[in-house]
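The residues making up each chain are set out below.
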Amino acid sequence: MTDPEEERKGKTNSTSANSRNFQLLAHLHWNYKPSTRQVEIAYRSNQTSEGWIAWAINPNNTGMLGSQALVAFHNENGSMTAYPTAITSYNPSMVPGTLSFNVSNISAEYSRNQMTIFAVVGPLDKGTMVNHVWQSGSSVSSNIPQMHLISGEHVQSMGRLNFLPD
């Protein structure tokens, strides 16, 4: 599988590239930088141009509630939008917001029915082992991602992830 970060930049910025495939036809590629405790991520998922994707770290629990998310979608003018948003309820606002950790260099791309979110996350204060969740939805209205399905893989898309190389 092609490394989306490498594909976008034409090179890899770190010697410790890792990747994993997940439910919902999703894939996460990351480079952890111990000196800064930051993680460069490229999260990719199959998606139509009308939908949205999200990847999140939950710093205090498992599951969606309390997650600190990165979300991407095509906005009303047709360009890709990516921003952080905190998931504070089962009916979150999904508007841009501040997370409990730094996020920089966030951007998104859409190509060949796949959306990709790029970002630098951290420094991670609680170490390299994180609870994470990932999600996708089929619609965006007024530049706000709408509710995802609440069955099957959509309610199972969570796990633990260690950013240190395997």
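Just so it is clear, the model here is predicted, and its values are computed rather than measured.

A. Quick peek at the pattern of salt bridges. Under the definition given, this model contains two salt bridges. Put simply, Lys-33 and Glu-40 hold a salt bridge, and the shortest N to O gap is 3.2 Å.

B. A look at the sheet that holds strand 9 (residues 129-137). Spatial strand order, 6-5-4-9-12: five strands in an open sheet with antiparallel pairing. Since the sheet does not close on itself, it has two edges, and those belong to strand 6 (80-86) and strand 12 (158-162), each with one partner. Direction aside, the axes of adjacent strands within the sheet are offset by 25 degrees on average. Bridge analysis of strand 9 against strand 12 gives five bridges, and the strand direction is antiparallel. Note that in strand 12 the partner of His-132 across the bridge is Gly-159.

C. Spatial organisation of unusual backbone geometry. Put simply, Gly-122 and Pro-123 share a cis peptide bond, and its omega is 20 degrees. Inspection of the secondary structure assignment puts Pro-123 in the loop between strand 8 (114-121) and strand 9. The backbone of Asn-105 sits at a positive phi, close to 50 degrees, despite the residue not being glycine. By the element assignment, Asn-105 lies in strand 7 (residues 103-111).

D. Molecular detail of the nonpolar core. If you look at the biggest cluster of nonpolar residues, it comprises 26 residues, and the most contacted ones within it are Leu-28, Ile-41, Tyr-43, Trp-55, Ile-57, Leu-70 and Phe-163. Of all the secondary structure elements, the ones that give two or more residues to this core are strand 2 (26-33), strand 3 (38-46), strand 4 (52-58), strand 5 (68-74), strand 8 and strand 9. Excluding residues that lie within four positions of it along the chain, Ile-57 makes contacts with Gly-66, Ser-67, Gln-68, Phe-101, Val-121, Leu-124, Val-130, Asn-131, His-132 and Phe-163. The next biggest cluster of nonpolar side chains, apart from the first, holds 10 residues, and it includes Ala-54, Val-71, Ile-87 and Met-94.

E. Up close: the pairing of strand 5. In terms of burial, strand 5 is largely enclosed, as seven of its seven residues are buried. Side chains Gln-68, Leu-70, Ala-72 and His-74 of strand 5 all project onto a buried face; the interleaved residues Ala-69, Val-71 and Phe-73 project onto the opposite face, where all are buried too. The pairing of strand 4 with strand 5 spans six bridges and is classified as antiparallel. Of the residues in strand 5, the one forming a bridge with Ala-54 is Val-71. Connecting strand 5 to the next strand, strand 6, in antiparallel fashion are five residues, including Gly-78 with a positive phi near 95 degrees.

F. Main features of the environment of Tyr-83. If you trace the backbone, Tyr-83 turns up in strand 6. In this structure the C-alpha to C-alpha distance between Tyr-83 and Val-103, which are 20 residues apart in sequence, comes to 9.0 Å. If we skip the residues at most four places from it in the chain, Tyr-83 touches Ala-69, Leu-70, Val-71, Phe-73, Met-94, Val-95, Pro-96, Ile-106, Asn-143 and Pro-145. In terms of polar contacts, Tyr-83 uses its side chain to reach the backbone carbonyl oxygen of Met-94, at 2.5 Å.

The rules we used
- Residues numbered from 1 in each chain as written.
- Predicted model: local features only at pLDDT ≥ 70, side-chain atom pairs only at ≥ 80, totals over all residues.
- Heavy atoms only, no water.
- Salt bridge = Lys/Arg side-chain N within 4 Å of Asp/Glu carboxyl O.
- Pairing = 2+ DSSP bridges.
- Helix = DSSP H or I, 4+ residues; strand = E, 2+ residues; numbered from the N terminus.
- Axes fitted to C-alpha atoms, helices over the stretch in contact; angles between N-to-C directions.
- Core = buried A, V, L, I, M, F, W, Y, C linked by side-chain atoms within 4.5 Å.
- Buried < 20%, exposed > 50% of the residue type's maximum accessible area, 1.4 Å probe, protein only.
- Contact = heavy atoms within 4.5 Å.
- Polar contact = N/O pair within 3.5 Å; in protein donor to acceptor, adjacent residues only side chain to side chain.

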